[in-house]
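Results of the structural survey
Residue strings, one per chain:
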Amino acid sequence: MGLPPERGVRTYFCAVRITDNRVVSVLAAYVQRLSSRYERQESLAMARIVFEDRLGWDRARLELAREEPLSESELLKVYLPIERLEAGEPLQYVIGRVRFHGMDLAVAPGVLIPRPETEELVEHILRSGIGPSCIVDIGTGSGAIALTLKKKFPHARVIGIDVSVDALEQARSNGEALGINVEWLHADVMDASFELPEECDLVVSNPPYIPSSERGTLEVHVRDHEPAVALFVDDGDPVQFHRAIAAKANSRRCTIWFEGHRDHAVTVADVLTDMGWAGVQVWQDISGADRFITATR
């Protein structure tokens, strides 16, 4: 429903607590409304991303237009996202996408947002010199790993697996939008009946690995909005998913790559060694934390 001219617009400004429709006033509103959650520069960075997403403005245009007025339609597009951000919802859900390894992936509530660390995992795989013919990505989420590896290894068969139907629908949609052909499979790796394809020679997984006891230490946009099933694991066995996946792959001639918790990556390496895997290595992420584990059979 459109706002009545003049009076309706002024009423709307009052309701959303903005003094006028200039760009600079919207930027100030972002800083003010998000101050309880984010630092000033982070709030402004979010505002810039919203302006780019909703209006197609790059940073240069945003700076040049700081004193210019926005139309009613433009104002609604760039101001309404504040409500969701103020409630703690992740920016990626608000704009509906995330950039991953040069691709725009759609994300929505119920689907884990791909992290920079996972991009690092993909980079390690690409630099390893492997030439896989069949890749299995377990816990595919938005399809980030599976789609990137299919793009880099177009002749390989790539299968993305997840226990979440919502995640698989999002991954499938991302694949269709990008024109990348990946097979999507609904399955639970913890199920005793689950088996990996015999021909798979690369198994990749970023499984749940945050101990439940750490939930309270996470930022609210992660803790309260992203899917717990993709994040958390029982404190009693924080590497249970890594162990189960390694056991499923143990009879295959393959390379395995994991992302893991900084405090438990070495434990994952020990599990692989005890199972008889060779070439077990732990790699650090860009922050210097133990994060990635690889081994071969």
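See the structure above.
What this report covers is the structure whose coordinates are included nearby. (Residues numbered from 1 in each chain as written. Predicted model: local features only at pLDDT ≥ 70, side-chain atom pairs only at ≥ 80, totals over all residues. Heavy atoms only, no water.)

Looking at the overall build of the chain
Selection criterion: Helix and strand assignments follow DSSP, with helices taken as H or I runs no shorter than four residues and strands as E runs no shorter than two, numbered in order from the N terminus. Each residue is placed in one exposure class: buried if its accessible area under a 1.4 Å probe, protein chains only, is under 20% of its type's maximum, exposed if it is over 50%, and partly exposed if it falls in between. Residues are treated as being in contact if the distance between any of their heavy atoms lies within 4.5 Å. Here, Shrake-Rupley sampling with a 1.4 Å probe gives the accessible areas, and only protein chains in the shown set may cover a residue.
Counting its regular elements, the chain contains 13 helices and eleven strands. The dimensions of the chain, computed from C-alpha atoms along their principal axes, are 75 × 40 × 35 Å. Every one of the 297 residues in the chain was classed for burial, and the buried ones make up 52%. Put simply, of all contacts in the chain between residues at least 6 apart along the chain, 64% involve residues at least 24 apart. Summing over all exposed atoms, the chain offers an accessible surface of approximately 14,300 Å²; the carbon and sulfur share of this is 50%.

Some words on the pairing of strand E11 (residues 290-296)
The side chains of a regular strand alternate, residue by residue, between the two faces of the sheet. So the rule is basically this: Strand pairing requires that DSSP identify at least two bridges connecting the strands.
Counting buried residues in E11 gives five out of seven residues, a clear majority hidden from the surface. Where strand E9 (residues 255-259) lies against E11, five bridges are found, and the strand directions are antiparallel. Residue pairing in the sheet places Glu-259 in a bridge with Phe-292 of E11. As paired strands, strand E10 (residues 278-284) and E11 are joined by five bridges and run antiparallel to one another. Across the sheet, Val-282 pairs through a bridge with Ile-293, a residue of E11. Hairpin connection between E10 and E11: a loop of five residues separates the two successive antiparallel strands, and Gly-288 in this loop has a positive phi of roughly 90 degrees.

Thoughts on the pairing of strand E4 (residues 157-162)
Where we set the bar: Consider the strands pointing away from the viewer: the crossover is right-handed when the path from the first strand over the helix to the second runs clockwise.
In terms of residue burial, E4 counts as a mostly covered element, since five of its six residues are buried. The pairing of strand E3 (residues 134-138) with E4 spans five bridges and is parallel. By the bridge assignment for E4, Val-136 is matched with Ile-159. On the question of chirality, the crossover connecting E3 to the parallel E4 by way of helix H9 (residues 144-152) is right-handed. Pairing between E4 and strand E5 (residues 183-186): four bridges, direction parallel.

So yeah, pure geometry; function would need other evidence.
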